[in-house]
Amino acid sequence: MNFSFDDQQVQFRDAVRSFLVVQAAPEVLREHWETTDSGRSPEMRQKITEQGLTALSVPEAYGGLQQGDLDWVLLLQEVGYHGIPDSLSDAAYVGVGIVAALEDEAFKSEWLGRMCEGKARLAISHPLNPLVHDAQIADLILLWHNDEVHAATPDQVGLELNPSIDASRRLYKLDWTPSDATRVCDAASGKAIWAQAVNRAAVAVGAQMVGLAQRMLDLGVDYSAQRKQFGKPIGSFQAIKHQMADIAVKIEFARPVLHRAAYALQHGDATLEAKVSHARLACAEAALLAARNAMQAHGAMGYTWEADLQMFMKRAWALESFWGDRLFHKQRVAQALFAADAQIGPGTTF
Amino acid sequence: MDLNYTQEQQQFRATVRGWLEAHVPSAPLPSFDTEEGFAAHRQWEAKLASQGYSAVTWPKDLGGLGADLIEWLIFEEEYWRAGAPGRVNQNGIFLLAPTLMEYGTAEQKARFLPRMATSEDTWAQGWSEPGAGSDMAAIRSTARREGDEFVINGQKIWSTRAVYADWLFGLFRSESGSSRHHGLSFILMPLDLPGITVRPIRQLNGLPGFAEIFFDNVRVPANNLLGGEGEGWRIAMATAGFERGLMLRSPARFQKTAADLVALYQANRERCDADPAIRDAVMKCWMDAEAYTLATYATASRLAKGAKIGAEASTNKIFWSELDVKMHETAMSILGARAELMPHAPRAEGIAQWLDGFLFSLAGPIYAGTNEIQRNIIAERMLGMPRA
């Protein structure tokens, strides 16, 4: 029994963190989001590729690093913290996972190879998300259809842009017709592939939510140390301190749940869905409280476009219902918890 | 990361489970806040101690099993699963003992710890005073050094278990004219010394769960000083760290309550499901009990790698105490009109634990440093926010 990460995993996380601190400053991201149609930067994607992130999940046989869910769960907290658009995890983690699970070798070689080289963006269409993120600039869209996996390029589907409150997100309503030509996997195999994809995506969203919560906590703490009223930093007042402490508590008790969910994903687990959804709910709770309390600590500045807080706050709001809303995840927990054969109580956690 | 128990850990669990199944009293013991109940719990502690089970993490020569923190968690899981009695000497075993191990002399460890393990000596805390609650550095009770003795004067209050306990550990001002956290000493004394008066205080449930203690020229041998003279604050803070930290409230306790709450919900499902808020609260409680368990395993794993427990311990105390209140509030709301029944009421059969537990849970956010103080600690020491 050892519920901690290996040194190697932590070191890789730290390296990615150092990279993002330098490369993903808020002003850089704002420029991509606010001044370009796609909201994305090829240069940034190239740098992310050089860090190995797009090849992280790709099996070694296809030129990748073949790392698992536990590696991702650490990295995606950094991705969330630094506000990197969540389409990265859909492509490099969830999307690669779907492609790697397919049987068509030629298809796998092509797309996994391109992912490793940073020459492909994957988008995913699944009924949990009525709109598809980054569909227009995707090189390939993976689509759910009655548990089958289909694949199409953006020119094969109709795209209707729906702007989000989160300036980083490019959401599209898709109009497409499934056909033999688009099908890459039948429903018999596809069912398990999609189930795993949904669980991965939920863990990915959870990890980013924890990262966002930590970022908003840091912003709230920093701002309240700078801002003076009544001749003192407002951060010296208990009313502010306690709001920040409440965020810290939520984060402390969301992270272990998230890490256990990632472990369950990587190693398989009889109640995987409940574990993932529990993590997702706990992480969202931390992020939403962080958004609320950090905004309050910022006062009127928290209500501006200028303060960076809004970037992270809006992401948290958007992610709250991405890859399953609260109702979806609560129902999955309820199903396991209230089952007749549920194993609960002391000694049943592992 | 490896979330499987080793063969040895599984074997340990099986051994503990077997012993508890054979020895846990079939009927609950009377409350340890009664004279009769205190005696019965003391006997139970002695029985536990015969197996090294009263303090599994202590070294074997002091009465423990030399267990690591994961084994401690396993032991606690089995203990709560078995519905075994509450721990009457936890002030000693879980709070004072870690401090004694770190700051005590060899002589003090040998004198106090084995008798603590068997509960021949039971312990009460002497921190708070009428003018020193959350502001513990405002302590005024004095310990004046006279040769080989300290002469103690003053008053302590809210001293848990002091009514029936044998010994007291606490903080006293040993340097006259000193202020705040300077000049305090950590002193241990038997509660039957001449000059000590213990006056019971009735708690919400009507029982004397804590007491106020008056000291009138009480003479305590100087070899009952723990650590150096004037070092008391630092040592007390270490004790407070243990209290908030890991050992005071093992996750198994809350998992047991959460599982009981789920069972209560299932047994009253028809009524409960008319109010979706109840189902939601039951789920949340169970998830949070799991989260507390997972966080504790993560901390234990980190400590095993050599990390130290820091200000994040304060997040534990907030989390479990608020969870405990929420679980019991939810149970009370499921029980509806029966919730108010005293445990001995004829119609309270099978639900007596809930009212008791509800009252006790309300103390959680107050004792061991109020949750407001914990939030200050988190803000200042964990987040680095400016002091007032």
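No experiment lies behind these values; they were computed from the predicted model shown.

1. Notes on the UniProt feature "domain: Acyl-CoA dehydrogenase/oxidase C-terminal" (unreviewed entry) in chain A
And step 1. Under the UniProt annotation, "domain: Acyl-CoA dehydrogenase/oxidase C-terminal" (unreviewed entry) lies at residues 193-337 of chain A.
And step 2. Counting secondary structure, residues 193-337 of chain A comes out at 79% helix and 3% strand; the distance between its end C-alpha atoms is 25 Å.

2. Things to note about helix H10 (residues 313-335) of chain B
And step 1. The first and last C-alpha atoms of H10 of chain B sit 34 Å apart over 23 residues, in line with the 33 Å expected at 1.5 Å per residue.
And step 2. For H10 of chain B, the tally of buried residues reaches 19 of 23 residues, placing the bulk of the element in the interior.

3. Comments concerning the side chain of Ser87 of chain A
All names here are of chain A.
And step 1. In this fold, Ser87 is placed in helix H5 (residues 87-101).
And step 2. Overall, Ser87 belongs to the buried group, its relative accessible area being 7%.
And step 3. Not counting residues within four places of it along the chain, the set of residues in contact with Ser87 comprises Arg40, His133 and Asp134.

4. Regarding the packing of aromatic side chains
The relative placement of two aromatic rings is captured by the distance of their centres and the angle of their planes.
Residues and elements named next belong to chain B.
And step 1. Under the criterion given, the structure shown has 29 aromatic pairs over all chains.
And step 2. Seen from their ring centres, Phe38 and Tyr164 are 5.5 Å apart, and the 45° between their planes marks the pair as tilted. One end of the pair, Phe38, is in helix H2 (residues 35-49); the other, Tyr164, is in the loop between strand S3 (149-160) and strand S4 (167-173), and 126 residues separate them in sequence.
And step 3. With 5.6 Å between their ring centres and 75° between their planes, Phe112 and Trp123 make a pair best called edge-to-face. On the criterion of sequence distance, the pair formed by Phe112 in helix H5 (residues 106-117) and Trp123 in strand S1 (residues 123-126) is long-range, its members being 11 residues apart.

5. Observations regarding empty space enclosed by the protein
All names here are of chain A.
And step 1. Tallying each qualifying case throughout the model produces four cavities of 30 Å³ or more.
And step 2. For the largest cavity, the calculated volume is near 150 Å³.
And step 3. Looking at the largest cavity, it is lined by 14 residues, and the ones nearest its centre are Arg40, Met44, Ile48, Ile84 and Pro85.
And step 4. Taken together, the elements giving at least two residues each to the lining of the largest cavity come down to helix H2 (26-35), helix H3 (42-50) and H5.

6. A few points about the interface of chain A and chain B
And step 1. If you look at the interface, chain A gives 43 residues, while chain B gives 54 residues.
And step 2. In this assembly, chain A packs against chain B so that about 4,600 Å² is buried in total across both faces, 69% of it on carbon and sulfur atoms.
And step 3. For the pair chain A and chain B, the interface holds four salt bridges.
And step 4. Ionic pairing is found between Arg375 of chain B and Asp246 of chain A, a salt bridge with its closest N-O pair at 2.6 Å.
And step 5. Of all the elements in the fold, those that place two or more residues in the side of chain A that touches chain B are helix H7 (187-226), helix H8 (238-267), helix H9 (272-298) and helix H11 (326-337) of chain A.
And step 6. The class makeup of the residues in the side of chain A that touches chain B is 24 nonpolar, 12 polar and seven charged.

7. Notes on the layout of surface pockets
And step 1. The space that makes up the second largest pocket amounts to roughly 860 Å³.
And step 2. As for the second largest pocket, its lining consists of 31 residues, of which Arg13, Gln77, Arg255 and His259 of chain A together with Arg302 of chain B are closest to the centre.
And step 3. Elements with a minimum of two residues in the lining of the second largest pocket: helix H1 (7-23), helix H4 (69-81), H7 and H8 of chain A together with helix H9 (276-304) and H10 of chain B.
And step 4. Sort the elements by how many residues they give to the lining of the second largest pocket and H8 of chain A lands first, with six residues.
And step 5. Taken together, the residues of the lining of the second largest pocket break down into 13 nonpolar, nine polar and nine charged.

8. Regarding unusual backbone geometry
And step 1. Even without being glycine, Phe230 of chain A reaches a positive phi, approximately 55°.
And step 2. As for its position among the elements, Phe230 of chain A is in the loop between strand S8 (228-229) and strand S9 (232-233).
And step 3. We classify Phe230 of chain A as exposed; its relative accessible area is 76%.
And step 4. Positioned with a positive phi, Asn217 of chain B is a non-glycine residue whose angle comes to about 50°.
And step 5. Of note, Asn217 of chain B is situated in strand S7 (residues 210-221).

Here is what the cut-offs are and how they apply
Residues numbered from 1 in each chain as written. Chains lettered and ligands numbered in written order. Predicted model: local features only at pLDDT ≥ 70, side-chain atom pairs only at ≥ 80, totals over all residues. Heavy atoms only, no water. UniProt positions renumbered as here; feature names shortened; annotations may be inferred. Helix = DSSP H or I, 4+ residues; strand = E, 2+ residues; numbered from the N terminus. Expected span 1.5 Å × (residues − 1). Buried < 20%, exposed > 50% of the residue type's maximum accessible area, 1.4 Å probe, protein only. Contact = heavy atoms within 4.5 Å. Phe/Tyr/Trp six-rings, centres within 6.5 Å; stacked < 30°, edge-to-face > 60°. 1 Å grid on protein atoms, 1.4 Å probe; cavity = no way out; pocket = protein on both sides within 12 Å on 5 of 7 lines; lining within 4 Å. Points joined across faces, edges and corners; volume = space filled by probe spheres on them. Buried area = accessible area lost by both parts, 1.4 Å probe. Salt bridge = Lys/Arg side-chain N within 4 Å of Asp/Glu carboxyl O. Nonpolar A, V, L, I, M, F, W, Y, C, P; charged D, E, K, R; others polar.

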